Amino acid sequence: MKNILLACGSGICTSTAVRGKIEKILDEKGYAGKYKINQCKVGEAAAMSVNYDFLIATTMAPQNLKCPFVPGVCFLTGVNTQSSIDAILELMQK
């Protein structure tokens, strides 16, 4: 089971929009039931990251992360998503 942390400015709006897209991608790739996604404010991400396999954020990478970071802005814009998708799928395999 992979624990994924998803962060945005407020922990609600853009992270919720991205969450649906990430879940769809993971489920279509055969990972349904093999992950949990929790949302948070980006200001909370560094402290929480010790308990997660990776962080996807719609902001710049927070400092002092204890897990890998995947840029998530592309899931909002729809531009250049493949590199982030590839990074997520690679992290799911570890």
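This text follows the structure it describes.
Not measured: the values here are computed from a predicted model.

Visitor: Teacher, can you tell me more about helix α1 (residues 13–28) here?
Guide: Residues spaced three or four apart along an α-helix point in a common direction, a consequence of the helix completing one turn every 3.6 residues. Across its 16 residues, α1 extends 24 Å between first and last C-alpha, which sits within 8% of the 22 Å expected from 1.5 Å per residue. Against β1 (2–8), β2 (35–41), β3 (54–57), α3 (74–77) and α4 (82–93) lie the buried residues of α1. Looking at the residues trailing α1, positive phi occurs at Gly30, about 90°.

Visitor: Just checking my understanding: could you explain α4 for this structure?
Guide: When the terminal C-alpha atoms of α4 are compared, their 17 Å separation across twelve residues agrees well with the 16 Å that a helix rising 1.5 Å per residue should span. Residues of α4 that are buried: Ser84, Ile85, Ile88, Leu89, Leu91 and Met92. When α4 is viewed along its axis, its buried side chains cluster within an angular range of 160° and face the same direction. In α4, the exposed positions angled more than 90 degrees off the buried face are occupied by Ser83 and Gln93. Those residues of α4 hidden inside the fold are in contact with β1, α1, β2, β3, β4 (69–71) and α3.

Visitor: Quick question: what am I supposed to make of the nonpolar core here?
Guide: A general feature of soluble globular proteins is that nonpolar side chains tend to end up buried together. Leu26 and Ile88 are the most contacted members of the largest nonpolar core, which has 19 residues in total. Once residues within four sequence positions are removed from consideration, Leu26 is found in contact with Ile4, Tyr31, Ala32, Tyr35, Ile88, Leu89 and Met92. Of all hydrophobic cores here, the second largest spans eight residues; its members include Leu5, Ala7, Leu55 and Ala57.

Visitor: Any chance you could explain the environment of Phe54 here in plain terms?
Guide: Within the fold, Phe54 resides in strand β3. Residue classification places Phe54 among the buried positions, given a relative accessible area of 0%. Put simply, Phe54 and Lys94 are 40 residues apart on the chain and 11 Å apart in space, counted from C-alpha to C-alpha. In contact with Phe54, not counting residues within four places along its chain, are Asn3, Ile4, Leu5, Cys67, Pro68, Val70, Ile88, Leu91 and Met92.

Visitor: Hey, could you run me through the pairing of β2 in this one?
Guide: Here β1 pairs with β2 via seven bridges, running parallel. Bridge pairing links Leu5 to Asn38 in β2. What joins β1 to β2 is α1, and the crossover it makes is right-handed.

What counts as what
- Residues numbered from 1 in each chain as written.
- Predicted model: local features only at pLDDT ≥ 70, side-chain atom pairs only at ≥ 80, totals over all residues.
- Heavy atoms only, no water.
- Helix = DSSP H or I, 4+ residues; strand = E, 2+ residues; numbered from the N terminus.
- Expected span 1.5 Å × (residues − 1).
- Contact = heavy atoms within 4.5 Å.
- Buried < 20%, exposed > 50% of the residue type's maximum accessible area, 1.4 Å probe, protein only.
- Arc of directions from axis to C-beta.
- Core = buried A, V, L, I, M, F, W, Y, C linked by side-chain atoms within 4.5 Å.
- Pairing = 2+ DSSP bridges.
- Right-handed = clockwise from strand over helix to strand, strands pointing away.

Function-wise, these values are silent; they only describe arrangement.
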